[in-house]
Amino acid sequence: MSSQENSEENLPAEQGTAHAAAHGGGTAVVQHDEDPFADPGLPAHKPRIQDIDERAAKRSERSVALMFTLSMLATIGFIASFVIFPIDKIVYVWPIGHVSALNLSLGLTLGLALFLIGAGAVHWARTLMSDVEVADDRHPIEAAPEVKAKVLADFADGARESAIGRRKLIRNTMFGALAMVPLSGVVLLRELGPLPEDKLRKTLWAKGKLLINMNTNEPLRPEDVVVGSLTFVKPEGLEESNHDFNNEIAKAAVMIVRIQPEEIKDKRELEWSVDGIVAYSKICTHVGCPISLYEQQTHHVLCPCHQSTFDLSDGARVIFGPAGHPLPQLRIGVNAEGNLEALGDFEEPVGPAFWERG
Ligand code: FES
C-alpha cells in the first residue's frame, strides 16, 4: 500500500474521499465501515472492598458516624464559645498575631462542624453507596411524565441503595448533625445587640493630642501636608501593639488634606482648619468602610464600598451615594512646637451611627 493511501486511511470516510479527488486520485477512494469515534463503553465494574467484605463496610460506617458525631461536638463547641470567651478577649495565635478569641473559636468550630458533615457524606458515598456505573443518554430538556415517574423511582432506588434505612447509625448521626448546625444561627442572634450607645461618640481624640502620621509614626507638621496629598493620621499614644488598637483606630482614623483656603466653601470648616489643612473622619457614614480615594481637583473623596462621595471643600457634604451624613470634621490647630494637634474630639458620632441621629 502506498504512503498516500496510508495517510488517507487515517481520515474520516468523507474527508478521505474529498482528499483523494482533490489529488487526482480518480477511483482510488478508501472506504471505511468502522465508526472512528465508536463509543468505547464503560470499563468493567470493579467492586470495592466494602462491597465484598462486610467488616470493611462496618469500618466505613463507623468512620462516617464518627465524622457526624464530631460535627455535633463541634457545634456544641460553637455554642459553648459564647459562654466561655468574653467578647473582648484577645489571644495571640502564630502566625496571624492578635485575634479575638471568640471569633477564632466561632470560626474554627463552625468550620469544623460543616466540614465534617461534608467529609462524612463524601466518605459514605464513596465507600458504601452503590457505585455501579450508569450510562444515561441525552434527552430533551422537557421531562415527559414517564421520565418524571422514572426519576421518582430512581430516587426511591437511590434511597434504598444508600442503605439509609439499614445503616441506622449513619442515618441517626447524620440527622443529628444536620439538626444541630442551625443552632449556630440561633446563638448568633446575640450579636444583634446591645446597641453601641455612646461608644461611637467618644474616640481617642482630645484637646492637645498630636496628629501622628500613620506612615512615618511621627507627629505631623503643617509643612508636611502639601496641596493634593492625602495623609492618614492617628491620635498620639495609639500604637499597633495596644490590644484594642483595631477597635480604637476604627473610630479615630482621620484623613488630612490641604485645600487652598479660598476654595473652602464651608465657614465652620475654614475655622476648624490650619492654613487650608482640614481633618475629617476616614470612616464612611454609610456603613463604616474606610475611605481612601481622593480626587484633588474636585476635593472629592470616594468610599470604595458603595461609592458614596463627599466634598471636602464643602464640609464633607454627601454629593453622591447612599451615605446619609457628612463626614465628621476634627478641629485642629498648631502647638508651640509647630506640630498639628487636635482641639477636641469629634462633635458628631463617627461612622453610620444611625441610632444616634434620629
Ligand atoms: S460604606 Fe461607604 S458607601 Fe457604603
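Conventions adopted
- Residues numbered from 1 in each chain as written.
- Predicted model: local features only at pLDDT ≥ 70, side-chain atom pairs only at ≥ 80, totals over all residues.
- Heavy atoms only, no water.
- Helix = DSSP H or I, 4+ residues; strand = E, 2+ residues; numbered from the N terminus.
- Buried < 20%, exposed > 50% of the residue type's maximum accessible area, 1.4 Å probe, protein only.
- Contact = heavy atoms within 4.5 Å.
- Areas by Shrake-Rupley, 256 points an atom, 1.4 Å probe, with all protein chains shown as cover.
- Axes fitted to C-alpha atoms, helices over the stretch in contact; angles between N-to-C directions.
- Parallel < 35°, antiparallel > 145°, perpendicular 65-115°, else oblique.
- Left-handed = near helix turned anticlockwise from the far one by under 90°.
- Nonpolar A, V, L, I, M, F, W, Y, C, P; charged D, E, K, R; others polar.
- Arc of directions from axis to C-beta.
- UniProt positions renumbered as here; feature names shortened; annotations may be inferred.
- Phe/Tyr/Trp six-rings, centres within 6.5 Å; stacked < 30°, edge-to-face > 60°.
- Lys NZ or Arg CZ within 6 Å of the ring centre and 35° of its normal.
- Salt bridge = Lys/Arg side-chain N within 4 Å of Asp/Glu carboxyl O.

Q: Please clarify how the overall build of the protein should be interpreted in this entry.
A: A tally of regular secondary structure across the protein gives eleven helices and 13 strands. Within the protein, the fraction of its 358 residues that count as buried is 35%. In the protein, of all internal contacts separated by at least 6 residues, the share reaching a separation of at least 24 is 59%. As presented, the protein carries roughly 21,700 Å² of accessible surface, and 59% of it is formed by carbon and sulfur atoms.

Q: Explain the packing of helix 4 (residues 54-84) against helix 7 (residues 168-180) to me, please; I cannot follow it from the model alone.
A: A packed helix pair is summarised by two numbers, namely the angle formed by the two axes and the spacing between the axes. One way to put it is that helix 4 packs onto helix 7 with a least axis distance of 9 Å and a crossing angle of 20°. One element, helix 4, and the other, helix 7, form an angle in the roughly parallel class. Read as a crossing pair, helix 4 and helix 7 show a hand that is left-handed. The segment helix 4 lies against helix 7, with Glu 61, Val 64, Ala 65, Phe 68, Thr 69, Ser 71, Met 72, Thr 75 and Ile 76 engaging Leu 169, Ile 170, Thr 173, Met 174, Gly 176, Ala 177 and Met 180. When grouped by side-chain class, the residues that make up the contact of helix 4 with helix 7 number ten nonpolar, five polar and one charged.

Q: Teacher, can you tell me more about helix 9 (residues 245-252) here?
A: Taken together, the buried positions of helix 9 are occupied by Phe 245, Glu 248, Ile 249, Lys 251 and Ala 252. Angularly, the buried residues of helix 9 cover 165° about the axis, an arc narrow enough to put them on a single face. Exposed residues on helix 9 whose side chains face more than 90 degrees from its buried face are Asn 246 and Asn 247.

Q: Looking at this structure, how should I read the UniProt feature "transmembrane region" (unreviewed entry) in the protein?
A: Residues given the UniProt feature "transmembrane region" (unreviewed entry) here are residues 64-87, 99-122 and 169-189. Along residues 64-87 one finds 88% helix and 0% strand; the C-alpha atoms at either end are 35 Å apart. Spanning residues 169-189, this segment combines 86% helix with 0% strand, and its end C-alpha atoms are found 32 Å apart.

Q: Would you mind going over the packing of aromatic side chains with me for this structure?
A: Think of a pair of aromatic rings as described by two things: how far the centres are apart, and how the planes are tilted against each other in angle. This model, assessed by the stated rule, comprises one aromatic pair. With a centroid separation of 6.0 Å and 65° between ring planes, the pair formed by Phe 78 and Phe 82 is classed as edge-to-face. With Phe 78 and Phe 82 both in helix 4, this residue pair falls four residues apart, about one helical turn. Taking the relative accessible area as the measure of exposure, Phe 82 reaches 9% and is therefore buried. When the ring centre of Trp 272 is taken as origin, the NZ or CZ atom of Arg 268, which lies over that ring, is 3.9 Å away. It is Lys 282 that lies over the ring of Phe 232; its NZ or CZ is 4.0 Å from the centre.

Q: Would you mind showing me how to read the pattern of salt bridges here?
A: Pairs can form between side chains of opposite charge whenever their charged atoms are close. Overall, the coordinates contain 13 salt bridges when judged by the stated rule. One salt bridge connects Glu 54 with Arg 167, and the closest N-O pair in it is separated by 3.7 Å. Placement of the pair is Glu 54 in helix 4 and Arg 167 in the loop between helix 6 (145-161) and helix 7, with a sequence separation of 113 residues. Residue classification places Glu 54 among the partly exposed residues on the basis of a relative accessible area of 45%. Using a relative accessible area of 7% as the deciding quantity, one classes Arg 167 as buried. Measuring nitrogen to oxygen at the nearest pair gives 2.8 Å for the salt bridge that ties Glu 223 to Arg 221.

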